[in-house]
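Single-letter residue listing:
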Amino acid sequence: MTIASDRLNFAEYLKYIDGTDYRYELVNGELIPMSLGTGQHGAVIKFLEKNLEVDIAEQNQDWVVLPALVGIRSPKGGRWDTCRIPDLVVMPKAQWRSLQTCEAIIEINQPPPILVVEVVSESTKSTDYRAKRGEYSVLGILEYWVVDPLIKKITIFRLDDGWYEVSEYTGEEIAQSPTFPNLKLTANQVFGNLLK
């Protein structure tokens, strides 16, 4: 759903307040409200966040996992701006600290996140699989996951020479992540852990 209004440039988007608790992505200058998602959507995000944090600690990496707290400015479109707010972003702690005194936006000219995860909802499935795939590849995001509770599938996109190589995992198949090689998660684990 798009909010009917004049298109916004990026500076206007950063200052936009409508008096509600809605959060918005900016897509080609248009405000797109971000819904809360279902309880399952939130449970999947929480489960992945916890497991990624454990793996980061085991790898002794200085990274942080951030749930819907960081925007990624996208080169999509020509004249109008786009800013995505992924469900999960993994980035170096130093980069996160550098955003403490400004808008939490990764600009086009800054290093991309280490990993971006999008959890699909009914309203975002086309965008998560298609539009964001193109945007994230242009930004040089090396690994991008689409976690789909609707069809119980994990899709991992790995950037190779400017294009994403795609691997899909269902059931008891262990999702193979080059960034998190010790993370041994299956789709059944991810989608079966609602309240754990």
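Residues numbered from 1 in each chain as written. Predicted model: local features only at pLDDT ≥ 70, side-chain atom pairs only at ≥ 80, totals over all residues. Heavy atoms only, no water.

(A) Local environment of the overall build of the protein chain. Counting secondary structure elements, the protein chain contains five helices and 11 strands. A globule of 196 residues ought to have a C-alpha radius of gyration of about 16 Å, and the protein chain, at 16 Å, matches this closely. Taking the principal axes of the C-alpha coordinates as reference, the protein chain spans close to 45 × 35 × 30 Å. Long-range contacts, defined as pairs at least 24 residues apart, comprise 57% of the intrachain contacts of the protein chain with a sequence gap of at least 6. Where the 20 positive side-chain charges of the protein chain centre and where its 27 negative ones centre are 1 Å apart. (Helix = DSSP H or I, 4+ residues; strand = E, 2+ residues; numbered from the N terminus. Rg over C-alpha atoms; globule rule 2.2 N^0.38 Å. Contact = heavy atoms within 4.5 Å. Lys, Arg positive; Asp, Glu negative; His and termini not counted. Charge placed at Lys NZ, Arg CZ, Asp CG, Glu CD.)

(B) The sheet that holds strand E9 (residues 143–148), seen in detail. The strand order across the open sheet built from six strands is E3-E6-E8-E9-E10-E11, with neighbouring strands paired in mixed fashion. Where the open sheet ends on each side, the last strands, each with one partner, are strand E3 (63–66) and strand E11 (163–170). Taken pair by pair, the neighbouring strands of this sheet meet at an average axis angle of 15°, ignoring direction. Both strand E6 (residues 88–92) and strand E8 (residues 115–119) contribute to a ladder of three bridges, which runs antiparallel. (Pairing = 2+ DSSP bridges. Axes fitted to C-alpha atoms, helices over the stretch in contact; angles between N-to-C directions.)

(C) Highlighting the packing of aromatic side chains. Counted according to the given criterion, the structure contains six aromatic pairs. Each ring, one from tyrosine 144 and one from tyrosine 164, has its centre 6.1 Å from the other, and the planes form 45°; the classification is tilted. With a gap of 20 residues between them, tyrosine 144 in strand E9 and tyrosine 164 in strand E11 connect regions that are remote in the sequence. As far as burial versus exposure is concerned, tyrosine 144 and tyrosine 164 are alike and both buried. (Phe/Tyr/Trp six-rings, centres within 6.5 Å; stacked < 30°, edge-to-face > 60°. Buried < 20%, exposed > 50% of the residue type's maximum accessible area, 1.4 Å probe, protein only.)

(D) Focus on the environment of valine 65. Mapped onto the fold, valine 65 is located in strand E3. For valine 65, a relative accessible area of 4% corresponds to the buried category. Sequence separation between valine 65 and proline 92 is 27 residues; the distance between their C-alpha atoms is 9.0 Å. Excluding residues that lie within four positions of it along the chain, valine 65 makes contacts with Glu49, Leu52, Glu53, Ile56, Leu88, Val89 and Val90.

(E) Local environment of the nonpolar core. Membership of the largest hydrophobic core comes to 26 residues, with the highest contact counts inside it found for Leu48, Leu52, Val90, Trp145, Val147, Ile154 and Val190. With six residues, helix H2 (residues 39–59) is the single largest residue contributor to this core. Leave out the neighbours within four places in its chain, and isoleucine 154 touches Val146, Val147, Ser167, Glu168, Tyr169, Ala175, Thr186, Ala187, Val190 and Phe191. Membership of the second largest hydrophobic core comes to 17 residues, among which are Val89, Tyr144, Phe157 and Tyr164. (Core = buried A, V, L, I, M, F, W, Y, C linked by side-chain atoms within 4.5 Å.)

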